[in-house]
Each structure stands twice: as C-alpha cells, then as structure tokens.
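A look at the structure
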Amino acid sequence: MEANELLKKVRKIEIRTKALSQQIFSGQYHSAFKGRGMAFSEVREYQYGDDIRNIDWNVTARFNHPYIKIFEEERELTVMLLIDVSGSTHFGTRQQFKSELITEISAVLSFSAINNNDKVGVIFFSNQVEKFIPPKKGRSHILRIIRELVDYKPQQVQTDLSEALRYLTNAIKKRCTAFILSDFVNADCEQALRIAANKHDVVALNIMDKGDTFLPNMGLAQIHDPETGKNSVADTSNFKVRQEYARWWQVQERKNIEVLKKSGVDVAQLYTDKDYVKALTELFHRRGA
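Being a predicted model, the structure only gives us computed values, none of them experimental.

**Describing helix H4 (residues 139-151)**
Counting along an α-helix, one turn takes 3.6 residues, and residues three or four places apart therefore face a common direction. Between the first and last C-alpha of H4 there are 18 Å, a value that for 13 residues agrees with the 18 Å anticipated at 1.5 Å per step. Those residues of H4 that fall on the buried side of the exposure criterion are His141, Ile142, Leu143, Ile145, Ile146, Glu148, Leu149 and Val150.

This is the structure:
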C-alpha cells in the first residue's frame, strides 16, 4: 500500500474508533477491566479486625509489633491484543472482510485503553508468532499499531493459536487483559488456553462472517481453502451437501465456544455485517456487573 493511501486509511480508522472509544466505551471499559488486580501500597500497624493473612512478618519481626500490608486497586493495566492474521481472516461476504473488522475493533480497544492510561501491546499470529509489539502508552504508539494492522503482510497463512498463547504466557510476566481477535478456525489450543487464562484475564472476540456458516446454492463450485491452499469441488445444488456443511460448522462453533468457556474465557461473537458496538457493550456490561 502506498504511504499516502496508508496514512489516509489510518487517519480514517483513528477518527471513527477514537470517537467510539471516548463516547461509548471509556466508562464501560473502565468498569469491566479495572480493579482486577491489587498492588502493594504500604504497611501500617495492625488494628483490631484487620485480616491476619495480610500481616507482613518481616516488618513485624523487625519492630516486634504486628504490621499489615495495605493493597490498593491497580491503576494501570496492560492490554494485549492477540491478532489473527492467518488466511481465513481475509474473507467476507457482507460489508467487510473479517480482517477489516479485526482492525477496527483493535483500534477501539486500543483507544479505550489509552483513555484509561493503560499500556497496549500486540501479538500478530498465524501458525507462528509473526510480530510482537511490546506494551506502551500514547497516541503515537496506537497509530503505529493501526498502521501495522492495515499493512502487515504475514509470512504464513495457517493458524495455530497455541503458539501465540504460549508466547503471551512467557513474554508478559505481569497479569494483563488479553483480547484474542480471531475467527478460531483450526483453534485446537485448549491446554495453552487454560495456562494463559490462569495467568491473565483472557477475552475471546470471535470474528465471524455469515458466509462461513453455510454453502449457497450455486451449482458445482470450486472451494478454496486459504489456509492450506487446497481446492475442492462441491455440488452446492445438492441439499444434503449444504445441510452437511451447515451441521459441520455448527459442531465446530459449539466446540470452540465450549473450549473457551471451560478455560475461563469470556466470549463475544461479532459478525462482519452487524454492528459490533452492541456486542462489545453487552460484553463490557456483563463483566462490569
């Protein structure tokens, strides 16, 4: 993409998503994702009724008098975006590609985060970790993330979410809120997901397109798998073929949701032809309740 075209696209995304984050999501984001952790503040003398589990035994031994640790709500959060850049995200049959929706939602989350003085980092993944952008604050950092989202060319086209989750677990030492933005195609990652969710607050944003869920009746059709490069021919005029595909898709979708929820991960489904504001608002409200 030419530099001028890229800048125009980044600016357009910034204007739309920054306004959304300020007008709609800032307060809801704060209530949904703030206060999830407690940070040590100071010690003071023990008072009747204090929780003895908070006694600081080192200070108590030094002064021969009980002292307790005081904790306060963490004011700063680290937000990590795990962005699926595999071949299946470059698909859309309605208003936009899944990759375009991922870009816009990532921008909204990023601006919501910096409005609350949080750091934002990104892991681009296919069947490998494609790129890591360490967490930082500030508008210039967010604009860099948006530029990468718009213009990044992945090295691979297949998907392995496990690799990204393992990288997150190893690279980010302190507890963070991690958003996975993916269509969860070939998402066989239960073990890595459980480990990551045990350490971090993980939220799955399942990006979908109606064209994923069924085969249209268009006679003999060549079907291309963007992640394997394989082509196959299906007789989509055959009702049983269409019915079998729809059934298979429902099973895969149900399996993905079950794995995510069993791992303690909040899930929201967002479609390329629907307003994502409602889905995100419901997610934030559910978490902040």
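That shown, we press on.
**Quick look at the layout of surface pockets**
Considering only enclosed or pocket space, the largest pocket measures out at about 1,100 Å³ in volume. Along the walls of the largest pocket sit 40 residues, with Val185, Asp212, Tyr245, Trp248 and Trp249 positioned nearest its centre. Put simply, the parts of the chain that give the lining of the largest pocket at least two residues each are strand E7 (201-208), helix H7 (210-213), strand E8 (220-224), strand E9 (231-235) and helix H8 (239-262). Per-element accounting of the lining of the largest pocket gives the leading share, 8 residues, to H8. Split into classes, the residues belonging to the lining of the largest pocket amount to 18 nonpolar, 12 polar and 10 charged. Taken as a whole, the second largest pocket encloses approximately 540 Å³ of empty space. As for the second largest pocket, its lining consists of 24 residues, of which Lys9, Ser99, Glu100, Thr103 and Val150 are closest to the centre. Listed by contribution, the elements that provide at least two residues to the lining of the second largest pocket are helix H1 (3-33), strand E3 (78-84), helix H3 (98-115) and H4. Among the elements that take part in the lining of the second largest pocket, H3 stands out by supplying 5 residues, more than any other. Residue composition of the lining of the second largest pocket, grouped by class: 11 nonpolar, 5 polar and 8 charged.

**A word on helix H5 (residues 161-171)**
Every buried residue of H5 is accounted for by Leu161, Ser162, Ala164, Leu165, Leu168 and Thr169. Buried residues of H5, seen end-on, are gathered within an arc of 165° and therefore sit on one face of the element. If you follow the buried residues of H5, they end up packed against E3, strand E4 (119-125), strand E5 (129-136), strand E6 (177-182) and helix H6 (190-199). The opening residue of H5 is Asp160, an N-cap whose side-chain oxygen sits 3.1 Å from the backbone nitrogen of Ser162.

**Thoughts on the side chain of Asp84**
Mapping Asp84 onto the fold places it in strand E3. Buried charge without a salt bridge: Asp84, with Lys98 as the nearest opposite-charge side chain at an N-O distance of 7.7 Å. Here Ser182 takes part through its side chain, which lies 2.8 Å from a polar atom of the side chain of Asp84. When near neighbours in sequence (up to four residues on either side) are disregarded, Asp84 contacts Thr89, Ile102, Phe125, Thr159, Leu181, Ser182 and Asp183.

**Some points on unusual backbone geometry**
Residue Asn64 is not a glycine yet carries a positive backbone phi of 55°. Mapped onto the elements of the fold, Asn64 is located in the loop between helix H2 (57-63) and strand E2 (67-73). The phi torsion at Phe184 lies on the positive side, around 55°, for a residue other than glycine. Here Phe184 shows up in the loop between E6 and H6.

**A look at the packing of aromatic side chains**
Under the criterion given, the structure shown has 5 aromatic pairs. The interplanar angle of 20° and the centroid separation of 5.2 Å between the aromatic rings of Phe124 and Tyr152 together place this pair among those described as stacked. Highlighted residues: Phe124 in strand E4 and Tyr152 in the loop between H4 and H5, separated in sequence by 28 residues. Each of the two residues, Phe124 as well as Tyr152, counts as buried.

**A short note on the packing of H6 against H8**
Two quantities define a packed helix pair, namely the angle between the axes and the distance from one axis to the other. Here H6 crosses H8 at 35°, and the two axes come no closer than 9 Å. Considering only the axes of H6 and H8, their crossing is right-handed. Listed contacts from H8 to Glu190, Leu193 and Arg194 of H6 are Val259, Leu260 and Lys262.

**So, the sheet that holds strand E10 (residues 266-271)**
On the basis of which strands lie adjacent, the open sheet formed by 6 strands has the order E5-E4-E3-E6-E7-E10 and mixed pairing. A strand with exactly one partner marks an edge of an open sheet, and here the two such strands are E5 and E10. On average, adjacent strands in this sheet sit at an angle of 15° to one another, irrespective of strand direction. Two strands pair when backbone bridges link them, and E7 and E10 are joined in this way by 6 bridges, in the parallel orientation.

**Examining the pattern of salt bridges**
The tally for this structure, following the rule as stated, stands at 13 salt bridges. The closest approach of N and O atoms between Asp50 and Arg44, which form a salt bridge, is 2.9 Å. For Asp50, a relative accessible area of 17% corresponds to the buried category. Classification of Arg44 by relative accessible area gives partly exposed; the value is 28%. Asp183 is the partner of Lys98 in a salt bridge, and the nearest nitrogen-oxygen pair spans 2.9 Å.

Scoring rules and cut-offs
Residues numbered from 1 in each chain as written. Predicted model: local features only at pLDDT ≥ 70, side-chain atom pairs only at ≥ 80, totals over all residues. Heavy atoms only, no water. Helix = DSSP H or I, 4+ residues; strand = E, 2+ residues; numbered from the N terminus. Expected span 1.5 Å × (residues − 1). Buried < 20%, exposed > 50% of the residue type's maximum accessible area, 1.4 Å probe, protein only. 1 Å grid on protein atoms, 1.4 Å probe; cavity = no way out; pocket = protein on both sides within 12 Å on 5 of 7 lines; lining within 4 Å. Points joined across faces, edges and corners; volume = space filled by probe spheres on them. Nonpolar A, V, L, I, M, F, W, Y, C, P; charged D, E, K, R; others polar. Arc of directions from axis to C-beta. Contact = heavy atoms within 4.5 Å. Polar contact = N/O pair within 3.5 Å; in protein donor to acceptor, adjacent residues only side chain to side chain. Lys, Arg positive; Asp, Glu negative; His and termini not counted. Salt bridge = Lys/Arg side-chain N within 4 Å of Asp/Glu carboxyl O. Phe/Tyr/Trp six-rings, centres within 6.5 Å; stacked < 30°, edge-to-face > 60°. Axes fitted to C-alpha atoms, helices over the stretch in contact; angles between N-to-C directions. Left-handed = near helix turned anticlockwise from the far one by under 90°. Pairing = 2+ DSSP bridges.

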